Amino acid sequence: MKLKSIGFSQLNLLDDHLCNGNNAITENNNNSNNKCDDSGHSNQSSLKVVENFFNHHDFSAFLSFNSFHHHHHHEMKSDNTFCTNLSKLKSEFITSILPQNEINKSSNSISTATTATAATATTTIDGATDIKLNDEIIKKNESLSILLIYFLSDIIIHQPFDSLAQINKSLKKFFNISDKLLKTLFKKSLSLTKYYLLEINKYKEYYSKLQDFENEEFRGDKILMEKIKVFNLKRIDEAEKNNQNIKYLNFLNTVMVKVYSAKGLEIKDLLSSDPYVNLFFTDSQDEKPHHHRESLNTIYLNDDKQKHHHHHSFKTTVKKGTLTPEWNEQFIMSTDKPDQNILIASIYDFDQVSKSDFMGFLPIHLEHEHEHEKEGYNDENKSILHHHHHHNEHGNGDEHGHHEYMNHSNPLIENVQEYELLSKPKGHLTKFKSLLGITSSASDIKNDNEIRKYGSIKLGFIHLKREILKVEDINVNNQNLPSKQIDIQMNQNHENSIKSIIEFAINSQDEINLPNEIEKLLESFSSRVLLSPLIIPLVKIEKLVENFQISTSTMDEIHKLLLESIELVTVKKIPLSKPIEERFLTMLKSLKRIYKSIIKRYPLSFPITINQETKLAENIGSSGTLLTLSIETLELIYNYQSKPCKLKKMVENYIEFCWTCVKEKSLISIEDSKDFENIVGLLDIYDAIELQLVLDIEMYSQFFPAHFDLASISSKNYYRLLKEETERLLTKEDKVCMETFNLLKKIQKIEKTIIKPYEKGIESMMDLNQLFKRFIKMWIKEIKKQFNLWVGRSLEKEEWKSIDNKNNQLHSNSLIDLFTIFEIGKNHLLGLDLNIDQFLFELIDIINQLYNQYLDIVLNSVLSDLKRDNSTPLFIDEVNDNYISSLSKFILKIKSSLDQQTSTSTTTTNIQITNSIICIKLNCLEFSRQLLFDFSSDLELKLPHLKEKIQDSFGISFLNSKKKYDYIIDLVINNISKWIKVLLVQILDTKNGSNFSVCKLSKEQKPILLNENQVNELLDSLTILLNNELTILSGNLYYPTFSKFIRGVWQSIWKEFDRMLFPEFKLQSEKLETTFYKSLIILSIYPTLEEFFNADGSGVSIEQLRNHSEYLLSTILVYLSDPSNLLEVYNTISASIDSKPPSPIDYSFVYSKLFSINQFEQFKSFNFNRNNYIKELHVLCSISSYCNSGSSIVTNGFITSELDFSFKKIISTLGSFKNRFILDKFSLDSSVSLYQNDFKCKTLNGIPSNAYILNDCLCWSSWLCYNETKVILKYSSFKSITRQQHDSNDVLFIIKMDDDKTHEIWSITSQDSIFKSLILNSKKLNQSIEIIDHIKSKVEQHTGDNSNFIVVDSASTVINKEGKIIDIKPEHESHVSYDDSIVYHTLFHLDKDNIIYQVYPCFTGKLITTRDYFCHHNNLTKANKHYLWSEIVEVKKEKVLFFDTGLKVTFKNGVNESYSGINDRDLLYKELVELKDLNKSNSSPLPSTKKFVEAD
């Protein structure tokens, strides 16, 4: 960044570059001419430069504009558009670093035109071989010309021949001027050098006499004047001492000579020579110039050991045996005698014994140079030294005469030439002078023709003549006063010269590029003209500030110069004049402002770019170094001023700036939709700040001082801003989306990773639980709706096909969809990492509700599938010809199908009782329980502190799922078992003559089993049916369900046999020969069936099969035993039962008297004596068979008349048999319970049941295939008994217990007498019982005390006990029949005067509206719920599952209930809204009513 001119004129916004040490873009010549011209750029072009700059830099460090975009972002705008949007940012940054004050107005005196010319002249044209010279620049810039003259004068005075080559190289390269101009300046420097001592003397006189302390330099500060006076006089004194140390100060002629080689030398020895060279000074009066003369000083430069050792003469080393020696030896020669202005180089042949032989010499006249100087160098082409060539043989004078010795174009550059050696002058002085060009004569020239050829020598030399006049010798008389030009040079504003060279030194990278040699000359110049030592570093800093750029070279140079300046002021304590002091302070102020500004924008000033591919930081070293250097420089300034460096404030300034930029950027991220604008904006902000925090903590912090904790400051401030903005914006959000929780994750990530180590310094952390509590509630509400929609869509597409039969995935997609969304909800909630206990159980409630809805859907679907077969009912009470005919046709179809598939070896058919769709649904029910268990277990594992609550929450769902699974499995098994029942009846049919004759009774009573063929014939249809059905099921069911099927079918067979041989609650009505036949048939087929179900060990185990069949195989013995033994067994059992208390039965005696099945070969391995299965009922059924057989068994001698009489007596006196049967069946206490009556009925699911009325309880048992359910209800626990009409031709009893559990039974036979018995028995034990009858009857006439008994006539109104009619509101009339009104009053236990308005069927049951309540009856779970109208908050229409006609009702306690598949949904919605609004202020049912039936 350039601040134009030292006076800080208008800033050219980010001109050319603000880069991290990179080269700026090279401009063409025209642009370069205006490099320092502020007007060269318009505002528009300046903005363009700014845009380029910002495009060039990586801003991910603070805005993350080009990185880490969210999927919610809209398409970003182009970079150019973005840069335009950031114009405000740039202008603020630029304005912030503009210095407010000028450093030195006098600096404006430097011509910008001159600088522009310098820039033009020094520009190199690409591809050109010629370099443009700066002659015009030097000539036009007087200050720069004078400085160069002083530089050359310094070289002449000090004659640093050991470094002259490097000095000359640096001058040549740096100033880039022609030799012609250099020669001119060199001449002027010789003149200036003459008055060196006069110049020192003038300064000494000035400061010695200095008394004016009121001038601009001191401004009335006399003490300062004295300090500066003393300081400069001391510097002058040091200069004078240094001059005194120079032995030959006033005049010195010095030549640096290098002897390279010689060739064409004469032979002085036999075959060759041993040449060496002697070098020395002489004068023009020397008659023997080739002879050795002493020199003032010689320095040998080739040998380090001899270097700087002074000698009076010099000779090279001897080169043995050569006529072409090469020496390459260098030396310096000096003389203080003005007349010794001739340099002689003589070559001799070395001889150890005799005197060295002369081989030729070379005179070089140095005085010609000074003569040309006096002439003013009018003829630039005149030679400084001439070399006299010999005439050739022909004496052609045109080709011989005076020629140049050398073309000395640059007095500071070694001139190398090859010279011909001359012969001895032979003592003739005129000859020597003619050789030197001093004089000439015809005779001398003629003699030249006689000179021999001596060869040539190659020499290089640099000649410097120093002539300094003594002060006392300078006067008018001597005519050597300094010229006006010398006076101008000495009185020039020398500070301008320093500014000029610094300006000249600024290169294309805006760096001050001064070679070390120039630096030394500049320091020497400053000391010579008594400038303040602070001037050079001050001017350099001012120029660097003017052309400031963020680069290593610039900032490192500023730091070094600042250290130097402060050291001069504080350590060396140099006195500063007032203007210089002001400039110094202004410079510090400007530097401070600039460095504060760039540190305030340190990621902008020192960007660390992020590689988009590797995501790694780049250029961290260079940027970090510059940042460290900036801070050190700024601290250096503050330390000098004894002020604290407020780095913290600067960093906080950037944090605020960055925050503002990020916020502005986040507001333009959303272009179209404003949904969730705040959330998305916050995500943008967090992305940007997260990156800035990472850069601050991991990268930038290492470049700040050790005492400065950037990480803590950055973390604290950014987090505070994030906290405030997050809390502010989240309060405005009234919706929830996934980006809301992405924001939560982002906050947690920053807190746990970035902020964690620094959280102690943060005043308060965000309460994320409180901040996001509201959004989690919104999410819970939203997912309930979404879950329903997802499951609904899944069920709409459900085809009830297994996912993958090959991989044994036999459930359907809808189940996976269901638990997939459960997992999504669970993982989302657990992943929030918040206190979710409250919300977890709300989610579990939703899952339970949705899971149970799914189960109900599957359950009802299976029921519908089972009911599709209208040819037979689901339950068969008695087998008739229609069932047998239907089964026969079904078996024939299976056989026909199997015959057709014999050729393909296929053993399965498409004819089946249980289709594959039912199997898939059963698999879904089974697998859902495992999935729910896994789901619950995972929650328990992850939330161990809520383990018990989670188990309790899922407990009902597990229980319901098991009940529904078991129930539906039993129904499906029953659907198969009903056909097995038909087949079993056929198998045991005595009309099968051939088999019946085999099993007829014989006198010997030796039972004989059927043979294998007979058995196979009997079981043919059964095995075909079972083989076909179980084969199909095995391929479509999971093994646990299939195994349950096999066991269920097996148990069903033997339970059905058991019911045939031992009827429920009655004696056997068939003759002995029939029961004997059936028993033998059962025993005959058992081994074959056992083998079929065991399937060689791959089916049900033998142990399991026998566990389920041994009961029947044990009790069947009573039909095969000897009658006398049977009587003895009965007497034993009867005696033990009749005893008070009952004595234990000796079952060893019982089994010892009965027939043993082990007598058959097939049952040798069976052991049935381990269980006490035989009861009184079994023996009585056998005795009853004997009695039913008539007198023929006595006549045939099968039984004696006495035994027959005993059997008949037992049967005729069975008054207490039924009681004992019931007590034994339900395990009741005989001392308390007493049988009274029994009746047949059904459960609400239609399962046939037998009910028994006892004096203290009501019992019933329900049979579903093999599974029996027993229920015992004590009268003392009755709360109410209700009788009402069920459907059109049926009666329903509703019994409510004290625990509010309700039991319903229907299809009751003799319902009047049964109802009467229940009333009488219950009232004896429970006087507070409610007895409600909605059917007209005469029961009340026989009940005695009727205080609690009410008979309600069928009418259009409902009356209370006193007969008062309840008024019906005209706007809400009842549309329910009297009978239905009674049903629902009873079902929901409503007061009699609570009018029922309407009943609306729905998918799960019925929705009922009453005067005071909104009620729901669930047909599947039998649950009843009712809510006061005032409890309803909101009613909404919505799609639930796959039903479009759904309603969602929200209650005050936060519970949401959804109802689907509603008939007349719109009508119900309207009624609910009206009744809710009508009763919104009522917290209890109005008007208050009495209980429907008051207790006595």
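Structure shown above.
Residues numbered from 1 in each chain as written. Predicted model: local features only at pLDDT ≥ 70, side-chain atom pairs only at ≥ 80, totals over all residues. Heavy atoms only, no water.

1. Looking at the environment of Leu-190
Logical step 1: Structurally, Leu-190 can be placed in helix α9 (residues 179–194).
Logical step 2: For Leu-190, a relative accessible area of 11% gives the class buried.
Logical step 3: A C-alpha to C-alpha distance of 9.7 Å links Leu-190 and Tyr-150, two positions 40 residues apart in sequence. (Helix = DSSP H or I, 4+ residues; strand = E, 2+ residues; numbered from the N terminus. Buried < 20%, exposed > 50% of the residue type's maximum accessible area, 1.4 Å probe, protein only.)

2. Some remarks on the sheet that holds strand β22 (residues 1396–1401)
Logical step 1: Read across the sheet, four strands follow the order β22-β23-β24-β25 without closing on themselves; strand pairing throughout is antiparallel. Each edge of the open sheet is held by one strand with a lone partner, namely β22 and β25 (1424–1428). Ignoring strand direction, the axes of neighbouring strands in this sheet form an average angle of 15°.
Logical step 2: As defined by bridge partners, strand β24 (residues 1413–1418) adjoins β25 across five bridges and the pair is classed as antiparallel. Its bridge partner lying in β25, Phe-1414 is registered against Tyr-1427. (Pairing = 2+ DSSP bridges. Axes fitted to C-alpha atoms, helices over the stretch in contact; angles between N-to-C directions.)

3. With respect to the pattern of salt bridges
Logical step 1: Summed over the entire model, instances satisfying the criterion amount to 53 salt bridges.
Logical step 2: Where Glu-503 meets Lys-543, a salt bridge forms, and the shortest distance between an N and an O atom there is 2.0 Å. With Glu-503 in helix α16 (residues 494–505) and Lys-543 in helix α18 (residues 535–546), this pair connects stretches of sequence that are 40 residues apart. With respect to class, Glu-503 is no different from Lys-543; both count as buried.
Logical step 3: A salt bridge links Lys-1208 to Asp-1204, with the shortest nitrogen-to-oxygen separation between them at 3.3 Å. One end of the pair is Lys-1208 and the other is Asp-1204, both in helix α42 (residues 1201–1212) and four residues apart, which spans about a single turn.
Logical step 4: According to the relative accessible area criterion, Lys-1208 is partly exposed, its value standing at 40%. (Salt bridge = Lys/Arg side-chain N within 4 Å of Asp/Glu carboxyl O.)

4. Considering the sheet that holds strand β8 (residues 357–365)
Logical step 1: With antiparallel pairing, the four strands of this open sheet are ordered in space as β5-β2-β7-β8. A single partner strand is all that each edge strand has here, and the edge strands are β5 (314–315) and β8.
Logical step 2: Across two bridges, strand β2 (residues 275–282) lies against β5 in antiparallel orientation. Bridge assignment links Leu-279 to a residue of β5, and that residue is Phe-314.

5. Points about the packing of aromatic side chains
Logical step 1: Considering all chains together, one arrives at 49 aromatic pairs under this definition.
Logical step 2: Aromatic side chains Tyr-602 and Tyr-700 sit 5.2 Å apart centroid to centroid with 80° between the ring planes, which places their arrangement in the edge-to-face category. One end of the pair, Tyr-602, is in helix α21 (residues 602–605); the other, Tyr-700, is in the loop between α24 (677–699) and α25 (710–730), and 98 residues separate them in sequence. Here Tyr-602 matches Tyr-700 in class, with each residue buried.
Logical step 3: The aromatic ring of Phe-775 is capped on one face by Arg-774, whose charged end is 4.6 Å from the ring centroid.
Logical step 4: Sitting over the ring of Tyr-1111, Lys-1055 keeps its end group 5.6 Å from the ring centre. (Phe/Tyr/Trp six-rings, centres within 6.5 Å; stacked < 30°, edge-to-face > 60°. Lys NZ or Arg CZ within 6 Å of the ring centre and 35° of its normal.)

6. A word on the packing of helix α28 (residues 813–831) against helix α29 (residues 837–867)
Each packed pair of helices is defined by two parameters, the angle between the axes and the distance between the axes.
Logical step 1: For the pair α28 and α29, interaxial distance at closest approach is 11 Å and the crossing angle is 175°. Between α28 and α29, the crossing angle belongs to the class labelled roughly antiparallel. Contacts between α28 and α29 involve Ser-814, Leu-815, Leu-818, Phe-819, Ile-821, Phe-822, Gly-825, Lys-826 and Leu-829 from the former and Phe-839, Leu-840, Leu-843, Ile-847, Leu-850, Tyr-851 and Tyr-854 from the latter.
Logical step 2: Looking at the contact of α28 with α29 residue by residue, the class counts come to 13 nonpolar, two polar and one charged. (Parallel < 35°, antiparallel > 145°, perpendicular 65-115°, else oblique. Contact = heavy atoms within 4.5 Å. Nonpolar A, V, L, I, M, F, W, Y, C, P; charged D, E, K, R; others polar.)

7. Structural notes on the environment of Leu-1203
Logical step 1: Relative to the helices and strands, Leu-1203 resides in helix α42.
Logical step 2: Judged by relative accessible area, which is 11%, Leu-1203 ranks as buried.
Logical step 3: Through-space distance from the C-alpha of Leu-1203 to that of Ser-1124 is 7.1 Å; in sequence the pair is 79 residues apart.
Logical step 4: Discounting chain neighbours no more than four positions away, the residues touching Leu-1203 are Pro-1123, Ser-1124 and Leu-1127.

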